[in-house]
Each structure stands twice: as C-alpha cells, then as structure tokens.
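Residue-level structural notes
Below are the chains, spelled out letter by letter.
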Amino acid sequence: MAFMCATGKHRKPGRVKRTTAQAAGVAALTTTGVIGTLAASPALAAENPTEQTGLVPVLTVTEDVPEQIDAQATAQQQAAELKAAREAATKAAAKRAEEVRVAKARAAREAERKLLNTFVAPIAHSYVSTGYQASSSLWSSGSHTGIDFHAASGTAVHAVGSGTVVSTGWGGAYGNQIVLRMADGMYTQYGHLSSIGVTVGQKVVPGQQIGLSGATGNVTGPHLHFEARTTPEYGSDIDPIAYLRKHGVHV
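The model shown is predicted, which means the values in this text are computed figures rather than measured ones.

Quick word on the overall build of the protein chain
Within the protein chain, the secondary structure is distributed over five helices and ten strands. Among the 251 residues that make up the protein chain, the fraction classed as buried is 26%.

Right, here's the structure in full:
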C-alpha cells in the first residue's frame, strides 16, 4: 500500500519566531548550565553567528527596562515635587502680599482716625485775652460770641482740626474771616484776619496754616477772634474753650 504525502511546503520559521524561540531556549539553557558549554564551543558559535548575535539585544533590553522605569518614575516624582513647591511658593507670596495690604489699610485707617481726633490751638504759644460771653458795648449782641487769642498782626493762624472750608472773605464786623466745617460736624470761625490762605471747598488738617492774624473789621487792635458753632451762621455759637478742651486742647 502506498502512503500519500500531505500536499504543501514546509515554511522556514520567520525571524521574529526564531528570535523568540532562541530567547526562550537561552533562558532554559542558562538554567541547566548548558549555555556555558555552548558558549565555550567555537564550532557551535561559528555555525550560527546570526542567531547568536541576535540573542544579545534580547537579554540587554530585558535587563535595562526596570532601570528605565525607575528613572522615569523618579523624574515624574521630581517634576511633581517641583510643581508642588512652586504652587506653595506662589500661595505663600500671595498670602504675604495680602497680609501687607491689610496691614497698610489698617494703618491708613488708624492714621485717619487719629488725624480726625487730633486738635490744636488756633494760635501757637498764645493765650485767651478775652473770654466767651464777656459783656461790652463793643459787640452788637452785647456779649462776646467767641474768644480772642493774643496775636500780633501777621501771626500764623491754624485750623484747629480736620475740616473743610465753607466760607471765606469779608464778614462785616469780623473783617476777613474763614469758616470751617469740622470732621465732627461742628463749625469753627476765624476772624479779623490780615490774610486768607485757603479757598472754599478745600480740605484742611490739624495745625495747617489757613491765614494770618490782623486787625480787620470791628477791633481795637490785632488779635484772632475764634468761635465754635453748631452751624456756619452767626448766632449758633457755643463755648469755644469747652469745645477745644473736649478735644484735648487746653487754653
């Protein structure tokens, strides 16, 4: 009986399959110690140099992969740490800037509050020569509506506190005068001036020079007439000494 052979051709294994098989074979031979014998045999090495040369990259790549993975992981961790450090530095800088801003705002408010509560005498190093409500025929009302500070003509006259100029110019018996609306809502008047140094609407601060004393209007000699009022108008006067003392100025 004749045997029939199967039709078709036997194909030579591809390069990929051969390399894979060789790698597996080397692993097995290494375990059994056979590879040492093969490596020591020049004949075997000469017979198949292509396959033997192809084995080296397989083993080398296999050994380098863990190191490459570790290096990549380390780099990623360092990048994440650097990013976190930068974000922390940015937040810290923003926090410091906000703290500085808040501190400056607080200091400005405190300075403003202090300025609003600061009062000075309208004439430095002077004294009251005529008191409030003193009686005399010199005044149309029959009594003094303010106090007089002793001052030679041309002496600097200061705003007693923070305020706004509401009136300047000729005031009849008061001569050249200035009226300020104070920060506390009261009004102060400065009369008989020889010179006016402010304008209506101007803001003034405690101790700021607003004019010069003189002898304009109904006077017998140079001095400063000072009044404290509840309105800017004549007749709303209050005790100016009590007003100044209320704000810490003793005259």
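Section: the side chain of Glu 227
Within the fold, Glu 227 resides in strand β9 (residues 223-229). A distance of 2.7 Å separates the side chain of Glu 227 from the side chain of Tyr 174, its partner in a polar contact.

Digging into the nonpolar core
Residues Ile 178, Leu 180, Tyr 190 and Ile 210 are the most contacted members of the largest nonpolar core, which totals 26 residues. Secondary-structure elements contributing two or more residues to this core are β2 (147-150), β5 (176-182), β6 (187-196), β9 and α5 (240-246).

Looking at the pairing of β5
Taking burial as the measure, the seven residues of β5 include six buried ones, the bulk of the element. The antiparallel hairpin formed by strand β4 (residues 163-170) and β5 contains five residues in its connecting segment, where Gly 172 sits at a positive phi of about 65°. The pairing of β5 with β6 spans five bridges and is classified as antiparallel. Across the sheet, Ile 178 pairs through a bridge with Tyr 190, a residue of β6. Count of turn residues in the β5/β6 antiparallel hairpin: four residues, of which Gly 185 carries a positive phi of about 95°.

A closer look at the pattern of salt bridges
This structure, assessed with the given rule, holds three salt bridges. When the shortest N-O distance is used, the salt bridge between Arg 101 and Glu 98 registers 2.8 Å. Placement of both Arg 101 and Glu 98 in helix α4 (residues 49-116) is noted, with a separation of three residues, approximately one turn of the helix. Here Arg 101 falls in the partly exposed class, since its relative accessible area comes to 48%. Residue class for Glu 98 comes out partly exposed when judged on its relative accessible area of 38%. Taking the shortest distance from any N to any O, the salt bridge between Arg 113 and Glu 110 comes out at 2.5 Å. Of this pair, Arg 113 and Glu 110 both sit in helix α4, three residues apart, which is roughly one turn of that helix. Accessibility expressed as a relative area gives 40% for Glu 110, which makes it partly exposed.

Thresholds applied
Residues numbered from 1 in each chain as written. Predicted model: local features only at pLDDT ≥ 70, side-chain atom pairs only at ≥ 80, totals over all residues. Heavy atoms only, no water. Helix = DSSP H or I, 4+ residues; strand = E, 2+ residues; numbered from the N terminus. Buried < 20%, exposed > 50% of the residue type's maximum accessible area, 1.4 Å probe, protein only. Polar contact = N/O pair within 3.5 Å; in protein donor to acceptor, adjacent residues only side chain to side chain. Core = buried A, V, L, I, M, F, W, Y, C linked by side-chain atoms within 4.5 Å. Pairing = 2+ DSSP bridges. Salt bridge = Lys/Arg side-chain N within 4 Å of Asp/Glu carboxyl O.

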